Amino acid sequence: EDPSLERHFKGHRDAITSVDFSLNKKQLASGSMDSCLMIWSMRPQMRAYRFVGHKDAVMCVQFSPSGHLVASGSRDKTVRLWVPSVKGESTVFKAHTATVRSVHFSSDGQSLVTASDDKTVKVWTVHRQKFLFSLSQHINWVRCARFSPDGRLIASASDDKTVKLWDKTSRECIHSFCEHGGFVNHVDFHPSGTCIAAAGTDNTVKVWDVRMNRLLQHYQGNAVVNSLSFHPSGNYLVSASNDSTLKILDLLEGRLLYTLHGHQGPATCVAFSRAGDLFASGGSDEQVMVWKTNFDAADYGDVLKTQKSGASVDRTHHTLQSEMDCGVHLKKTKTQDSSRNQEQQEEEMSLANTLEHIMGQLDVLTQTVSILEQRLTLTEDKLKECLENQQKIIQNKTS
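As recorded in an unreviewed UniProt entry, the protein goes by POC1 centriolar protein homolog A and comes from Stercorarius parasiticus. Turning to the protein, the UniProt annotation filed under Sequence similarities (unreviewed entry) states: "Belongs to the WD repeat POC1 family."

Dropping the structure here:
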């Protein structure tokens, strides 16, 4: 079956810049040039939230891994953290001196990496909401920055036509990929963490191995590529282009699988859901579209089930035209004791749900503390002002 359009969200008043699914697929976040962040419910007849707070275009949005926070970056030079259900409570991070183009959580949800037109990549702690450090070797705007799945590396893409790979611990640039003929709009890590894909204004998508630092695959398109997203199985990649198309690439075969036409005008952003059964796209036409993936469903359904249940896995490597061994393919093997497995699975699920809940509560607490701190600071400032005024009055009387 081919990918098919599932839902259509209208509500933004300008071009969409960014889309992201929450972990449980119940919500979809979108950012737009209209300065708003929208949270759409994937359940029918549920209302959408419009979050207002940024003073200028919202360039990027992302759900935290637990789904209890949403980060956004804006042309107003700030990063905001939102609770996606409470009406519009948000805290502000300020350290960039120009447009923030990209926000990305580490997979443990503890850190945030941001990229900006001030030519820097910055790393923050989420819960203490503190700026940690800057990476500043790009010599032009930084369009995108991403953590590797294990959180040890950061990849950044820039208008200086390079993709840089950084070691988070040493904060050093360990490699620059310079094979792009134009600005690099987007970069992301393969789920295995062994390679990265980058999209550029030279109409290409390139895939590099980050262990050997060599080009694995090169896809030539007909228009500027604005965004890309790896399927969780690691076998596919979806891209969004200025020619209004979304393209699905089969990484194992090294070929184009589908070209999808849905948007009028440039397709600006695209993202797979965490389970891979859906993907969302946004465009200059102010529309957010949700697509059913459909392809290879049995195959990646098995892959994901196997990964979740911890059943024994038989790993077989596939070789690509250039030995791209990123796409580790998992086959499901029958387990003898399926009832015991079922119980174990249920226990794991309930444990996961409990942890999820605790993380959620923590996020909300962090948020509350942060808002209280902001109010406290305001009160302190007011108090200081009052005291200063009193001093002035006293001085005037005595003089």
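Read on, since the account is not over.
Draft legend 1. Representation of unusual backbone geometry within the structure. Not every positive phi belongs to a glycine, and Gln129 is a case in point at roughly 55 degrees. One non-glycine residue, Ser244, lies in positive phi territory at about 75 degrees. Among the secondary structure elements, Ser244 is positioned in the loop between β23 (236-241) and β24 (245-250). Classification of Ser244 as buried rests on a relative accessible area of 14%.

Draft legend 2. Looking closely at the environment of Asn24. Within the element layout of this structure, Asn24 appears in the loop between β2 (16-21) and β3 (27-32). It is 8.6 Å that separates the C-alpha atoms of Asn24 and Ala275, two residues lying 251 residues apart in sequence. Engagement of the side chain of Asn24 in a polar contact is seen with the side chain of Ser22, the distance being 2.8 Å.

Draft legend 3. Representation of the nonpolar core in the model. Counting residues in hydrophobic clusters, the biggest one holds 15 residues, and the most contacted among them are Ala71, Val79, Leu81, Phe93, Phe105, Leu112 and Val126. When contributions to this core are tallied by element, the ones reaching two or more residues are β6 (58-63), β8 (78-82) and β10 (100-105). A total of three residues in this core trace back to one element, the largest contributor, which is β10. The contact partners of Val79, leaving out residues within four places of it in the chain, are Ser72, Gly73, Thr91, Val92, Phe93, Val100, Val103, Leu112 and Thr114.

Draft legend 4. Structural context of the sheet that holds strand β16 (residues 163-167). Strands sit in the order β14-β15-β16-β17 across an open sheet of four strands; the sheet is antiparallel. Strands at the two margins of the open sheet, each flanked by one partner only, are β14 (142-147) and β17 (172-177). Sheet twist, expressed as the mean angle between neighbouring strand axes with direction ignored, is 20 degrees. Summarising the sheet, β16 and β17 pair through five bridges and their orientation is antiparallel.

Draft legend 5. Structural view of the side chain of Ser18. Residue placement: Ser18 occurs in strand β2. For Ser18, a relative accessible area of 9% gives the class buried. Within the structure, Ser18 has its side chain in polar contact with the backbone nitrogen of Val61 (distance 3.0 Å). Not counting residues up to four positions away in its chain, the partners in contact with Ser18 are Ala29, Ser30, Gly31, Met59, Cys60, Val61 and Cys269.

Draft legend 6. Representation of the pairing of strand β28 (residues 287-292) within the structure. The buried fraction of β28 amounts to five of the six residues, a majority that puts the element mostly inside the structure. Here strand β1 (residues 4-10) runs beside β28; their pairing, made up of six bridges, is antiparallel. The residue of β28 that forms the bridge with Ser4 is Lys292. Alignment of strand β27 (residues 278-283) against β28, held across five bridges, turns out to be antiparallel. By the bridge assignment for β28, Leu278 is matched with Lys292. A loop of three residues connects β27 with β28, the two strands running antiparallel in sequence, and Glu286 in this loop sits at a positive phi of about 70 degrees.

What counts, and at which threshold
- All residue numbers here refer to positions counted from 1 along the written sequence of the relevant chain.
- With pLDDT at 70 or above as the cut-off, local features in this predicted model cover only qualifying residues; side-chain atom pairs require 80 or more to be listed or tallied, and sums for whole chains, interfaces and linings still use all residues.
- Each side-chain value is worked out from all heavy atoms of the structure, with water and hydrogens disregarded.
- UniProt positions are given in the numbering used here, feature names are shortened, and annotations may be inferred rather than shown by experiment.
- Numbered from the N terminus, helices here are DSSP runs of H or I no shorter than four residues, and strands are runs of E no shorter than two.
- Only protein chains enter the accessibility calculation, which uses a 1.4 Å probe. A residue is then buried if its area is under 20% of the maximum for its type, exposed if over 50%, and partly exposed in between.
- Each polar contact in these results corresponds to two N or O atoms within 3.5 Å; when the atoms are within protein, one needs to be able to donate a hydrogen and the other to accept it, and residues that are neighboring in sequence are counted only if both atoms are side-chain atoms.
- By nonpolar core we mean a set of buried residues, namely Ala, Val, Leu, Ile, Met, Phe, Trp, Tyr and Cys, connected to one another through side-chain atoms within 4.5 Å.
- When checking whether two residues touch, look at their non-hydrogen atoms; a contact exists if any pair is within 4.5 Å.
- Criterion used throughout: strands pair if DSSP finds at least two bridges between them.
- Each axis is a line fitted through C-alpha atoms, and for a helix only the stretch in contact is used; angles between axes span 0 to 180 degrees, taken between their N-to-C directions.

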